[in-house]
Structure formats: C-alpha cells, structure tokens
Amino acid sequence: KDFRRVVVAAAVGNIIEWYDFYIFGSLAAILSVKFFDKTHPVAALLSTIALFTAGFLIRPLGAFLFGWLGDRVGRKYTFIVTLTGMGLATAAIGLIPTFASIGLAAAFILFGLRMIQGLCLGGEYGGAITYVAEHVSDERRGYYTGWLQTSPTLGIVVSLAVIVGTRTYLGNEAFNDWGWRVPFLISFLLVMMAIYIRLQLGETPIFQQMKAKGGMVTNPWREAFLSANIKYILVAIVVLIGQGVVWYSGQFWALYFLQTVKKLDVLTSSYLVGAALLLATPTLILFGWLSDFIGRKPVILAGMFLAAVTYYPLYAWLGQVTNPGAVNYPVAIFIIFILVSYVGMVYGPVGAFLAEYFPSRIRYTSVSVPYHIGNGWGGGLVPFITSAAYLSSGSIGNALIYSIVVPAVCFIICLFVMPETRHISIWEPEKAQTVRS
C-alpha cells in the first residue's frame with residue numbers, strides 16, 4: 001500500500017549512489033592533472049578514464065558478493081550496506097593528497113577507492129530494482145520501475161549541477177586548485193540522508209513470504225550459475241550489453257565528446273548535457289509505461305536499432321553546432337535529447353524485464369550479475385574506447401564504431417533469443433517458472 005514511498009526511497013538512494021559514481025567521470029579532466037604526471041596530458045587523461053572504466057569492470061564482483069547477501073539476508077539491509085560503502089569511498093576521494101604532494105601513491109589510493117565504488121555499485125542496482133519490483137503490481141511494473149530507472153540519469157544531472165554550482169561560486173581558479181574536492185565531500189551528507197530514508201523501509205513482501213515459508217535458497221551462486229538458470233543469465237547479458245552501450249554512448253560520451261573533441265569548457269558542456277538530460281529523463285518513465293502495454297522486447301530493441309542507425313549523423317551534427325565561441329544551444333540540446341531518448345527506450349523497461357525474468361529465490365543475484373557484466377563491462381568501456389579511438393585517429397567515425405556495432409549485433413541476437421516477459425507474474429512463482437521455461 002505504500003509502494004510510492006518505496007519507489008521514492010529506492011530512487012533517492014540510487015540517485016545519490018550514481019552521483020557518487022559519476023562525479024569521478026564528470027571531473028575526469030581535472031582529476032587527470034591532480035593525480036597523474038601532467039607533463040603528459042593525453043596519457044594522464046587516458047589514465048583517469050581508465051580508472052573510471054576500472055570501476056565498471058569490478059562491478060560484477062560486487063554483484064556476486066552482494067547478490068548472495070541480498071538473496072540470503074534480505075534486500076533492504078544489503079543495499080543499505082552498498083550505499084554506505086559508496087558514500088564513504090566517494091567522500092574519501094575528496095581528501096586524497098595530490099600527485100604533487102605524494103607522487104604516484106596518490107594514483108594508487110585513487111584506484112583503491114574507485115574499486116570500492118565499483119564493488120558497492122555492483123550490489124546497489126540489483127537491490128533497488130528487486131526491492132521496487134517486489135512491491136508493485138504485475139500490470140504496472142514497467143511504469144514504476146521506469147521511475148527508478150531515471151535515477152542513474154538524474155545522478156549525472158546532480159553531479160553536473162554540483163560541479164557547475166561549486167565552480168560558479170568559487171571561480172575557476174579556486175575550483176581547479178582545491179574546489180574540485182567539494183563535490184566529493186558533499187557525498188557524505190547526501191548518503192547520510194539516503195541511509196536515514198532507507199532505514200524507515202521494511203523488507204519486501206515477497207522476501208518476507210519466502211522466508212516465512214522456508215523457501216530461502218541455500219546457495220544463490222549454485223542455483224543461479226550452475227543450473228538451467230545459466231542460459232537465462234546469458235540471454236540477459238546480451239540484452240544488457242546492447243542496452244549498456246546505448247546508455248553510455250547517448251549520455252556519458254556526449255559529455256566527453258563536447259569536452260575532449262569539441263574542446264568546450266566544463267561549464268558550457270555541463271549546461272548542454274544537463275539541460276538535455278533533464279528534458280529527456282521522463283522518456284525513461286514513458287517507455288517503461290509503454291512496455292506495460294506492448295511489451296519489454298519491442299521497446300528495448302527499437303532503442304538499440306535507432307541508436308545503431310543514427311549515432312553517426314547525430315554526432316556529426318552535434319559537432320557542427322558546438323564549435324567553441326559559436327555554440328547553437330537549442331540545437332545542441334535537442335540532439336542530445338534525442339540521444340538520451342534512445343536511453344529511455346533501452347533502459348526504461350529493462351528493470352521490469354530483469355525482475356520478471358528470474359525467480360524470487362535468486363532474483364537479487366540473477367538481476368545483479370548480468371546487469372553489471374552487460375552494463376558495466378559492455379557499456380562501461382564506451383568512454384575509454386571512444387575517447388582512445390578519437391585521440392588516436394581524430395575521426396568521429398572511428399570513435400563511434402564500438403557504439404554502433406555492439407547495439408547492432410545485440411539487436412540481431414535479441415530478435416531470436418530475448419523472450420517477452422510482460423505477462424509473467426512474480427507474485428505467482430510457479431506460473432513464472434512455467435512461462436519462463
């Protein structure tokens with residue numbers, strides 16, 4: 001009966017956790033000169049982007065660890081643990097001495113904290129999606145999980161807003177000197193608020209019922225990965241690789257493109273991307289809602305197809321209207337809005353798809369691991385691959401090869417192997433197993 005409060009509480013924590021994770025990427029240009037040898041600026045920037053990417057690569061390990069805990073101990077307390085770890089690691093980044101003070105040790109400390117961020121994020125998403133999905137009706141699961149799906153995008157918006165606000169208040173010189181630490185330190189306050197909100201919530205009805213009936217799984221790893229369930233894990237990974245590449249190509253590389261390719265300053269690029277993200281965020285809810293009527297599969301696959309077909313012309317057009325000193329703000333925001341709308345198509349329904357695709361006993365583990373392999377590895381490689389390809393070739397076409405080919409291949413595979421899950425009821429476990437099989 002209080003599922004709206006559940007959705008809000010889960011989303012607030014999720015937004016803050018994604019804010020923590022993405023503040024690193026939003027400040028990559030500054031972090032590269034603070035924690036690496038700035039006499040080689042390209043190498044320093046690529047090193048920072050590589051650290052940003054490493055946080056994605058370790059996410060599946062966090063999914064394994066926290067997925068087990070979520071299926072054995074409970075959804076609620078597991079994602080409180082992940083939120084706490086993320087907040088402390090992010091705040092600590094704001095306290096690290098720079099390369100100028102302690103040399104290479106600064107980069108190693110930064111690497112360690114980034115790994116903690118990745119581990120914690122690996123347990124957050126599966127917990128939040130499972131928690132929300134196990135509170136809402138089958139008929140409106142796409143709509144309500146669509147609200148939760150806005151949280152990563154809003155996390156980027158919050159990170160950009162905090163950066164813009166801090167930079168504007170302190171001025172460029174103070175921000176570049178020490179003010180860049182403020183967005184990291186703010187994380188501590190935000191996380192304390194989110195933990196308080198989440199502590200007010202109870203466990204999900206499905207988990208409580210499963211526990212009361214003695215239906216708890218003994219070993220979530222064995223049941224998820226050493227049984228017939230592994231084939232569903234593999235299908236979900238393919239879906240999420242395509243989804244993840246569209247997600248990062250449409251949002252995060254738009255920011256990298258403006259900063260590293262078009263050489264726009266941090267404020268201008270942040271205004272453009274932030275405005276487009278705010279305008280396009282409702283598309284995540286819209287396409288989640290649409291999937292309740294026409295299905296998860298057609299909406300997700302349409303997003304992959306459109307992204308693969310139109311990325312090159314859209315980014316070429318974006319390059320034409322964002323020359324330094326002559327930025328066409330309305331057109332640039334409109335182009336990024338289209339890119340983020342594709343994100344709405346692939347990401348809005350995917351939470352409902354994952355929750356419906358796996359049984360309650362191993363849902364936390366089975367949702368978390370494919371998500372963080374597909375989204376974390378497939379999508380998380382986008383900033384590094386696209387930036388490295390552009391810096392080595394100077395060609396937008398070469399930079400976008402990965403972003404175009406991967407969704408295209410995943411689209412073709414998913415046409416044949418991805419099932420439709422809209423009619424699966426997670427409130428009737430036996431029926432869910434039958435339909436899934």
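Values in this document were obtained by computation on a predicted structure and should not be read as measured data. Numbers given to residues run from 1 along each chain, matching the order in which its sequence is written. Where local features are concerned, this predicted model is filtered to residues with pLDDT of at least 70; where side-chain atom pairs are given and counted, the filter is 80 or more; whole-chain, interface and lining totals use all residues. As a convention, hydrogens and water are excluded, and side-chain values are obtained from all of the structure's heavy atoms.

### Some remarks on the overall build of the protein chain
In step 1: Helices and strands together make up the secondary structure of the protein chain, namely 23 helices and 2 strands.
In step 2: Its C-alpha atoms give the protein chain a radius of gyration of 21 Å, near enough to 22 Å, the size a compact globule of 437 residues would have.
In step 3: By principal-axis analysis of the C-alpha atoms, the protein chain measures approximately 60 × 45 × 35 Å.
In step 4: When the 437 residues of the protein chain are sorted by exposure, 62% land in the buried category.
In step 5: At a minimum sequence separation of 6, the contacts of the protein chain that also span at least 24 residues come to 86%.
In step 6: Only the protein chains shown count as cover for residues, and the accessible areas themselves come from Shrake-Rupley with a 1.4 Å probe. For the protein chain, the accessible surface area stands at approximately 15,800 Å², while carbon and sulfur atoms represent 71% of it. The helix count covers DSSP runs of H or I at least four residues long, the strand count covers runs of E at least two residues long, and both are numbered beginning at the N terminus. Atoms considered for the radius of gyration are the C-alpha atoms alone. The globule rule reads 2.2 Å times the number of residues to the power 0.38. Summary of the burial criterion: residues with accessible area below 20% of their type's maximum are buried, those above 50% are exposed, and those between are partly exposed, where the area comes from a 1.4 Å probe applied to protein chains only. Contacts between residues were defined by any pair of non-hydrogen atoms, one from each residue, lying within 4.5 Å.

### Notes on helix H10 (residues 181-199)
In step 1: Take the number of residues in a helix, subtract one, and multiply by 1.5 Å to get its expected span. Look at H10: 28 Å from first C-alpha to last across 19 residues, which is about the 27 Å you get at 1.5 Å a residue.
In step 2: Buried residues of H10: Arg181, Pro183, Phe184, Ser187, Val191, Ala194, Ile195 and Arg198, and no others.
In step 3: Check the buried side of H10 and you find it contacts helix H1 (3-26), helix H2 (28-35), helix H5 (75-93), helix H7 (105-133), helix H8 (141-170) and helix H9 (172-179).

### Describing the side chain of Gln251
In step 1: Mapping Gln251 onto the fold places it in helix H13 (residues 229-261).
In step 2: Judged by relative accessible area, Gln251 falls into the buried class, the value being 2%.
In step 3: Once residues lying within four places of it in the same chain are set aside, the contact partners of Gln251 are Thr153, Ile156, Val273, Leu277, Val340 and Val343.

### Side note on the pattern of salt bridges
In step 1: For this analysis, a salt bridge means a side-chain nitrogen from Lys or Arg found within 4 Å of a carboxyl oxygen belonging to Asp or Glu. Scanning all chains against the criterion turns up 9 salt bridges.
In step 2: Residues participating in the shared-partner salt-bridge network are Asp138, Arg141, Asp292, Arg296 and Glu356.

### Here we look at a nonpolar patch on the surface
In step 1: A cluster of nonpolar side chains, namely Ile401, Val405, Val409, Ile412, Ile413, Leu415, Phe416 and Val417, defines an oily patch on the protein surface of about 730 Å² accessible area.
In step 2: The topology assignment puts Ile413 in helix H22 (residues 401-417). Patch members must show over 30% relative accessible area and no salt bridge, and they are joined within 9 Å when carrying like charges or within 5 Å when they are nonpolar side chains of Val, Leu, Ile, Met, Phe, Trp or Tyr.

### Structural notes on H1
In step 1: A rise of 1.5 Å per residue sets the reference length of H1, with its 24 residues, at 34 Å; its end C-alpha atoms lie 33 Å apart and thus fit the reference within 8%.
In step 2: Given a residue, its bend is the angle between the two axes fitted to the seven residues that end at it and to the seven that start from it. The largest bend in H1 comes to about 30°, at Asp20.
In step 3: Most of H1 is tucked away, with 19 of its 24 residues classed as buried.

### Looking at unusual backbone geometry
The general pattern is negative phi for most residues beyond glycine and trans for most peptide bonds.
In step 1: Although it is not a glycine, Lys263 sits at a positive phi angle of roughly 60°.
In step 2: With respect to the helices and strands, Lys263 occurs in the loop between H13 and helix H14 (266-280).

### A few points about the packing of aromatic side chains
In step 1: Side-chain rings of Phe, Tyr and Trp (the six-membered ring for Trp) are treated as a pair once their centres are within 6.5 Å; stacked means planes under 30 degrees apart, edge-to-face means over 60, and tilted covers the remaining angles. Scanning the model with the defined rule gives 23 aromatic pairs in all.
In step 2: With 6.3 Å between their ring centres and 80° between their planes, Trp180 and Phe184 make a pair best called edge-to-face. Taken as a pair, Trp180 and Phe184 share a single burial class, namely buried.
In step 3: Here the aromatic rings of Tyr311 and Tyr342 are separated by 6.4 Å at their centres, their planes lie at 55°, and the arrangement is tilted. Pair noted here: Tyr311 is in helix H16 (residues 296-320) and Tyr342 is in helix H17 (residues 329-347), with a separation of 31 residues, a long-range link. With respect to burial, Tyr311 and Tyr342 carry one shared label: buried.
In step 4: Put simply, the rings of Tyr125, Trp247, Tyr248, Tyr347 and Tyr371 pair up and form one aromatic cluster.

### A short note on the packing of H7 against helix H18 (residues 350-357)
In step 1: Structural elements are reduced to axes, namely lines fitted to C-alpha atoms, with helices fitted over the stretch in contact, and the angle between N-to-C directions of any two is expressed from 0 to 180 degrees. Axis separation between H7 and H18 bottoms out at 10 Å; the angle between their running directions is 80°. Taken together, the axis directions place H7 and H18 in an arrangement best described as roughly perpendicular. Contacts between H7 and H18 involve Tyr125, Ile129 and Ala133 from the former and Val350, Gly351, Leu354 and Ala355 from the latter.
In step 2: Looking at the contact of H7 with H18, its residues break down into 6 nonpolar, 1 polar and no charged. An angle counts as roughly parallel when it lies under 35 degrees, as roughly antiparallel when it exceeds 145, as roughly perpendicular when it falls between 65 and 115, and as oblique in every other case. Basically, the charged four are Asp, Glu, Lys and Arg, the nonpolar ten are Ala, Val, Leu, Ile, Met, Phe, Trp, Tyr, Cys and Pro, and anything else, Gly included, counts as polar.

### Observations concerning the nonpolar core
In step 1: Residues enter a nonpolar core if they are buried and are Ala, Val, Leu, Ile, Met, Phe, Trp, Tyr or Cys, with the set joined through side-chain atoms within 4.5 Å. Counting 140 residues, the largest nonpolar core has Tyr22, Trp253, Tyr315, Ile336, Tyr347 and Leu354 as the members making the most contacts within it.
In step 2: Sort the elements by how many residues they give to this core and H13 lands first, with 19 residues.

### Notes on the confidence of the model for the protein chain
In step 1: Scored by pLDDT, the protein chain has a mean of 88; 98% of the residues are at 70 or more.
In step 2: Contacts for the low-pLDDT stretch residues 430-435, under 50 throughout, to residues beyond four places or in other chains number 6 contacts. On a range of 0 to 100, pLDDT expresses the predictor's confidence in each residue.

### Focus on the environment of Ser227
In step 1: With respect to the helices and strands, Ser227 occurs in the loop between helix H12 (220-225) and H13.
In step 2: For the pair Ser227 and Lys211, spaced 16 residues apart in sequence, the C-alpha separation works out to 22 Å.
In step 3: Whenever a nitrogen or oxygen atom comes within 3.5 Å of another N or O atom, the pair is scored as a polar contact, on the condition that within protein one atom can donate a hydrogen and the other can accept it, and that pairs from neighbouring residues in sequence are kept only if both atoms are in side chains. At 2.4 Å, the side chain of Ser227 forms a polar contact with the backbone oxygen of Glu223.

### So, the environment of Leu95
In step 1: The residue Leu95 is located in the loop between H5 and helix H6 (99-102) in this model.
In step 2: Placed 90 residues apart in sequence, Leu95 and Leu185 show a C-alpha to C-alpha distance of 8.0 Å.
In step 3: If we ignore the near neighbours within four places in the chain, the residues touching Leu95 are Arg181 and Leu185.

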